[in-house]
Amino acid sequence: MQRISQQQINQQWENIEQVRRMNEVYPEPPRAFCQTFGCQQNEADTERIAGMLKEMGYEPTEEPAEASVIVVNTCAVREHAEKRVLGIIGRYTHLKETNPELTICMCGCMVQQEHITEKIKKSYPRVDIVFGTHALWRFPELLLRRLGGSKRLFEIGGSDEGEIAEGLPVLRGKGCHAWLSIMYGCNNFCSYCIVPYVRGRERSRLPEVIEQEMRELVAEGYKDITLLGQNVNSYGKDLDEPIDFSDLLARLDAIPGDYRIRFMTSHPKDASAKLFRTMANGTHISHQLHLPFQSGSDEILKRMNRKYDSAQYRALIAEAREAMPDVVLSSDIIVGFPGETEEDFLQTLRMVEDVEYDLLYTFLYSKRTGTPAATMPDSATQEEKQERFDRLLKTQERIIERRQNAYVGKTVRVLIDGTGKQPSDYPMAGRTDGGLLVLCRGNNLNIGDFVEINIEKASLRALFGTQV
Ligand code: 5AD
Ligand code: SF4
């Protein structure tokens with residue numbers, strides 16, 4: 001792993017300054033439009049790109065047609081997202097017909113794959129800059145070169161290692177929520193997953209750097225801070241000093257202030273009783289655990305290379321619930337992994353029924369070129385897989401209905417973080433400490449307030465209540 005030197009970062013600041021001076025000739029600041037596909041890590045990366053663009057003199061816009069620079073941050077986890085990205089890129093390239101000055105950039109996980117960059121080279125000649133996850137910190141240099149007349153740029157970088165770049169700007173979204181990356185990459189090589197190939201090996205940011213950023217976030221008034229990593233439970237394994245994720249969590253929790261900490265994602269193979277104890281004893285740590293089990297079948301788990309079996313997973317859930325009876329649990333599940341039989345699927349269904357999750361993220365298996373699962377034999381038809389998927393959703397709906405209704409009549413602490421989507425009797429939106437959506441009403445509720453809400457009714461999607 002490579003920590004990018006201060007000198008290299010300073011060079012990027014010089015590039016930023018040069019682009020800023022080029023943009024000063026315009027009577028109005030030019031606009032930049034950023035679009036994100038995929039996970040929270042990508043959201044956080046886009047905030048870094050937006051931060052660099054802002055420093056380079058671009059004002060953010062929500063309207064691609066008025067932008068001078070468009071950046072699409074892509075996802076490679078499933079084929080569906082890749083197809084959507086290519087469709088959208090096709091549409092943006094047409095904007096060049098009325099705006100020949102437009103610079104179109106693609107970045108992120110999808111373009112870190114060779115067959116995709118080849119396709120863009122051949123079939124998308126109007127895309128100006130393509131940069132992979134490992135070249136993100138060099139974006140100012142790439143944009144400067146292209147604006148200075150360079151030919152199309154493809155900067156992908158080696159993906160088997162990885163790097164950490166500190167000290168570049170971030171432009172966070174509005175509101176009281178902030179992402180805080182604590183590590184990058186993944187070493188797990190689950191057999192279906194493309195992430196380790198496109199994001200490189202696990203590398204942890206230094207604890208003192210994370211702590212400093214966290215202190216700044218709290219001082220700036222952020223109330224809801226989510227620590228991010230592909231597998232936060234292996235935080236610190238690559239550092240010289242002995243520190244694990246629980247230690248980091250406790251260290252951050254000691255920062256004084258009125259805020260809460262959440263984190264994702266946890267891999268069950270490294271989640272521990274120590275983690276649950278730290279969560280239970282914390283002052284600011286949300287009792288929310290996203291612990292993906294992917295499949296309830298031991299045979300499938302083995303072929304997925306997940307390194308735990310269903311009994312170990314169940315034991316972990318029991319430990320988490322013992323430490324935190326109010327814990328809000330969620331999971332990712334893949335339906336239709338190669339070779340999944342009806343019996344395997346029933347084990348998944350049984351796990352869902354037994355654990356009773358508050359939230360599930362369910363996915364149909366998507367074949368990813370270059371992963372071991374892509375060559376595993378598969379006999380189930382797409383219709384069979386879809387039918388299993390629908391059955392899973394129905395089962396989960398019944399569970400959520402029961403769990404959501406159990407909150408009616410109870411009082412919960414809610415962080416107000418926005419307004420409802422449409423005018424209603426419950427105009428404000430917030431989240432419980434466990435992360436459940438609450439639509440609420442009260443006297444003078446403001447974004448960033450922690451308030452007690454009495455829950456009056458529930459739907460599958462949200463709880464509804466009034467300030468106590
Ligand atoms: N097909 C379907 N779902 C996938 N995921 C990762 N790779 C694939 C794939 N090839 C899901 C996993 C993971 C989540 C982020 O995406 O459930 O936990
Ligand atoms: Fe993919 Fe598994 Fe790593 Fe998660 S832990 S990013 S599913 S390889």
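Scroll up to find the structure this text is about.
Residues numbered from 1 in each chain as written. Chains lettered and ligands numbered in written order. Predicted model: local features only at pLDDT ≥ 70, side-chain atom pairs only at ≥ 80, totals over all residues. Heavy atoms only, no water.

S.K.: In this structure, what is going on with the pattern of salt bridges? I would like to understand it.
M.R.: Between side chains of opposite charge, a pair can form as their charged atoms come close. With the rule as written, the count across this model stands at 41 salt bridges. Across the pair Arg-20 and Glu-17 runs a salt bridge whose closest N-O atoms are separated by 2.7 Å. Here Glu-17 and Arg-20 lie together in helix H1 (residues 6-23), a separation of 3 residues that amounts to about one turn. A relative accessible area of 27% places Arg-20 in the partly exposed class. By relative accessible area, Glu-17 is classed as partly exposed at 28%. As a salt-bridge pair, Arg-391 and Glu-342 come within 2.9 Å of each other at their nearest N and O atoms. (Salt bridge = Lys/Arg side-chain N within 4 Å of Asp/Glu carboxyl O. Helix = DSSP H or I, 4+ residues; strand = E, 2+ residues; numbered from the N terminus. Buried < 20%, exposed > 50% of the residue type's maximum accessible area, 1.4 Å probe, protein only.)

S.K.: I'm lost on the packing of aromatic side chains in this one. Help?
M.R.: The description of two aromatic rings rests on the distance between their centres and on the angle between their planes. Considering all chains together, one arrives at 10 aromatic pairs under this definition. When the centroid spacing of 5.2 Å and the interplanar angle of 85° are considered together, the rings of Phe-189 and Tyr-197 count as edge-to-face. The aromatic ring of Phe-363 is capped on one face by Arg-78, whose charged end is 3.8 Å from the ring centroid. Over the ring of Phe-464 we find Lys-457, and its NZ or CZ is 5.0 Å from the ring centre. (Phe/Tyr/Trp six-rings, centres within 6.5 Å; stacked < 30°, edge-to-face > 60°. Lys NZ or Arg CZ within 6 Å of the ring centre and 35° of its normal.)

S.K.: Just checking my understanding: could you explain the sheet that holds strand S3 (residues 59-60) for this structure?
M.R.: Sheet strands line up and pair through hydrogen bonds in the backbone, either parallel or antiparallel. Taken together, 6 strands build an open sheet; the order of strands is S3-S2-S4-S5-S6-S7 and the sheet is parallel. The outermost strands of the open sheet, each flanked by one partner alone, are S3 and strand S7 (153-155). With 6 bridges connecting them, strand S4 (residues 69-74) and strand S5 (residues 103-108) associate as parallel partners. Looking at S5, one finds that Val-71 is bridged to Cys-105. In this fold helix H4 (residues 114-123) packs onto S5, strand S6 (129-131) and S7, with an angle of close to 180° to the strand it touches most, S7. (Pairing = 2+ DSSP bridges. Contact = heavy atoms within 4.5 Å. Axes fitted to C-alpha atoms, helices over the stretch in contact; angles between N-to-C directions.)

S.K.: Would you mind showing me how to read the packing of helix H2 (residues 40-55) against helix H5 (residues 139-147) here?
M.R.: Helix packing for two helices is described by the angle between their axes and how far apart those axes are. Between H2 and H5, the least distance of the axes is 10 Å, while the angle of their chain directions is 50°. The angle between H2 and H5 places the two elements in the oblique class. Read as a crossing pair, H2 and H5 show a hand that is right-handed. In contact with Ile-49, Met-52 and Leu-53 of H2, H5 contributes Phe-139, Pro-140 and Leu-143. Residues belonging to the contact of H2 with H5 are distributed by class as follows: 6 nonpolar, no polar and no charged. (Parallel < 35°, antiparallel > 145°, perpendicular 65-115°, else oblique. Left-handed = near helix turned anticlockwise from the far one by under 90°. Nonpolar A, V, L, I, M, F, W, Y, C, P; charged D, E, K, R; others polar.)

S.K.: What is the right way to look at the nonpolar core in this model?
M.R.: When a protein is soluble and globular, its nonpolar side chains tend to lie buried together. Counting 63 residues, the largest nonpolar core has Leu-227 and Phe-245 as the members making the most contacts within it. Of the residues forming this core, the biggest block, 5 residues, is contributed by helix H12 (residues 342-355). When neighbours within four sequence positions are excluded, Phe-245 is seen to be in contact with Ile-182, Leu-227, Val-232, Asn-233, Tyr-235, Phe-263 and Leu-275. Among the nonpolar cores identified, the runner-up in size contains 27 residues, and Ile-70, Val-72, Ala-81 and Ile-89 belong to it. (Core = buried A, V, L, I, M, F, W, Y, C linked by side-chain atoms within 4.5 Å.)

S.K.: Looking at this structure, how should I read the pairing of strand S9 (residues 177-181)?
M.R.: Successive residues of a regular strand alternate their side chains across the two faces of the sheet. Most of S9 sits out of view: 4 of its 5 residues are buried. Here S9 runs beside strand S12 (residues 224-228); their pairing, made up of 5 bridges, is parallel. Directly across from Trp-179, in S12, lies its bridge partner Thr-226.

S.K.: Mind showing me how you'd approach the site of ligand 2 here?
M.R.: Around ligand 2 sit Cys-186, Asn-188, Phe-189, Cys-190, Tyr-192, Cys-193, Val-195, Pro-196, Gln-230, His-267 and Arg-306, and that is every residue in its neighbourhood. Among the residues making up the shell around ligand 2, the classes are represented as 7 nonpolar, 3 polar and 1 charged. (Near = heavy atom within 4 Å.)

S.K.: What should I look at first to understand the environment of Gln-347 in this one?
M.R.: Note on placement: Gln-347 falls in helix H12. Residues Gln-347 and Val-69 lie 278 residues apart in sequence; the distance between their C-alpha atoms is 49 Å. Residues in contact with Gln-347, not counting those within four places in the same chain, are Gly-296 and Ser-297.

S.K.: Any chance you could explain H5 here in plain terms?
M.R.: Given 3.6 residues per turn, any residue in an α-helix points the same way as the ones three and four places further on. Buried within H5 we find Phe-139, Pro-140, Glu-141, Leu-142, Leu-143 and Leu-144. In this structure, the buried residues of H5 make contact with H1, H2, S4, S5, S6 and S7. Of the residues flanking the end of H5, it is Gly-149, one or two places downstream, whose phi is positive at about 105°.

S.K.: Looking at this model, I keep getting lost on the pairing of strand S13 (residues 260-264). Mind explaining?
M.R.: Across the 5 residues of S13, 5 count as buried, placing the element largely inside the fold. Where burial is concerned, the two faces of S13 agree: the one with Arg-260, Arg-262 and Met-264 and the one with Ile-261 and Phe-263 are both buried. Across 5 bridges, the pairing between S12 and S13 is parallel. Counted as the bridge partner of Leu-228 is Met-264 from S13. The parallel pair S12 and S13 is bridged by helix H8 (residues 245-253), and the resulting crossover is right-handed. (Right-handed = clockwise from strand over helix to strand, strands pointing away.)

S.K.: Could you clarify how one ought to interpret the site of ligand 1 in this entry?
M.R.: For ligand 1, the full set of nearby residues is Val-77, Arg-78, Tyr-192, Gln-294, Asp-332, Ile-334, Phe-363, Leu-364, Tyr-365, Ser-366 and Arg-368. Gln-294 places a side-chain nitrogen or oxygen 2.7 Å from an oxygen atom of ligand 1. Within the contact set of ligand 1, an oxygen atom lies 2.6 Å away from a side-chain nitrogen or oxygen of Asp-332. Here ligand 1 has 410 Å² of accessible area as a free molecule, and 85% of this is covered by the chains. Mapped onto the shell around ligand 1, the elements with two or more residues apiece are strand S15 (328-335) and strand S16 (359-364). Here the shell around ligand 1 is built from residues that sort into 6 nonpolar, 2 polar and 3 charged. (Polar contact = N/O pair within 3.5 Å; in protein donor to acceptor, adjacent residues only side chain to side chain. Areas by Shrake-Rupley, 256 points an atom, 1.4 Å probe, with all protein chains shown as cover.)

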